[in-house]
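A closer look at the structure
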Amino acid sequence: MTTVQPPRHRAPAETSAPVEPPTMPIPRAALDAARAAAVPAPRRAPGAGMPLMPGVPVMPPQPPVAPRNGLGIAGLVLGLCGLVVGLIPLFGIGAILLGIVGLVLGLVGVQRARRRVATNTRTAVSGVVACVLAVALGITGMVIVANAVTQLGEDLSAIGATTPAASGTPDTSGASAPATSAVGFGQTFTYADGLAVTVDRPTAYDPSSYAAGHTNPHAFQVTVRVTNNTGRAFDPTLLSVAMSTAGAPSSQVFDSEMGLPPQNQLQPGRSLTYDVAFSTTTDAGEAQVDVVPSFDHEHAVFTGSL
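In this report, the structure presented in the accompanying data block is examined. (Residues numbered from 1 in each chain as written. Predicted model: local features only at pLDDT ≥ 70, side-chain atom pairs only at ≥ 80, totals over all residues. Heavy atoms only, no water.)

This brings us to the overall build of the protein chain. Looking only at helices and strands, the protein chain has four helices and twelve strands in total. Within the span of the protein chain, comprising 306 residues, buried residues form 30% of the whole. Within the protein chain, residue pairs in contact and separated by at least 24 positions form 67% of the contacts whose partners lie at least 6 positions apart. When the accessible surface of the protein chain is split by element, carbon and sulfur atoms take 63% of a total near 19900 Å². (Helix = DSSP H or I, 4+ residues; strand = E, 2+ residues; numbered from the N terminus. Buried < 20%, exposed > 50% of the residue type's maximum accessible area, 1.4 Å probe, protein only. Contact = heavy atoms within 4.5 Å. Areas by Shrake-Rupley, 256 points an atom, 1.4 Å probe, with all protein chains shown as cover.)

One pass over the full model with this rule turns up two aromatic pairs. With a centroid separation of 5.9 Å and 55° between ring planes, the pair formed by Phe189 and Tyr191 is classed as tilted. Owing to a relative accessible area of 0%, Phe189 belongs among the buried residues under this scheme. Among the residues examined, Tyr191 registers a relative accessible area of 2% and is labelled buried. (Phe/Tyr/Trp six-rings, centres within 6.5 Å; stacked < 30°, edge-to-face > 60°.)

This part covers the pairing of strand β12 (residues 300–305). Across three bridges, the pairing between strand β2 (residues 182–184) and β12 is parallel. Residue pairing across strands places Val183 opposite Phe302, the latter belonging to β12. The pairing of strand β11 (residues 286–292) with β12 spans six bridges and is antiparallel. Pairing of Val291 across the sheet is with Ala300, part of β12. (Pairing = 2+ DSSP bridges.)

Below, the structure written as structure tokens:
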């Protein structure tokens, strides 16, 4: 029995062309990554966030501009100095000069702050206000000084005008004062402003055991009478009385029985009486009593015999 062999499959004949292996598709993401790795990274400027193109020069960063606050600060300092100086009226002109200079600087400082060149707007405005006050204070001080000088001149003129001059005003005894620089006891001595002073003749006085200042063997009492015809109140607290006998000064006797010196103001048209005691070296001869009502009046001199 004959066996039939199945036909064998022959392998294809080899060709001279190489057979390419099957290719797999490359993902797009891998291609993009490969391309990015092949291109060099662009340069960046130091401190900048944007990349620079190749070949473009890199400019160094510019330093920030400092604010120009000097003039505003200077105006405030000058204004404060002007306020301190202006507190003294005699230095009013200095306060005015400081205030004017500081005011100019402060206004320039305000303008810089408005242009965003300076950052101290409040300081500059405060300096302007301080300078204006300094100028006002300086002007006030100059006015005060001018008024004081004027008043001083008037006072000096008044002192010269209040030189004692005897008047013909009769006293209680009917006698009138002669036209001399000194009058007698019992007569009236009238100043140019209308203040009238009268001193009676000294009389013997016996000091008490509590008296102070009785250092001489004798004592006399004088009565001083002041009449205010000046038209304004007179302050008698500065009134002083001195006595001399035979050319020798006498010491004033302070005695509780004499009462206290006048203290209340003497109103216009009123009079006051003031008793003063003195310890003297003699009880006979020529005596002189000087009365000074105030700093604005000269001596009123009364003479006579004891």
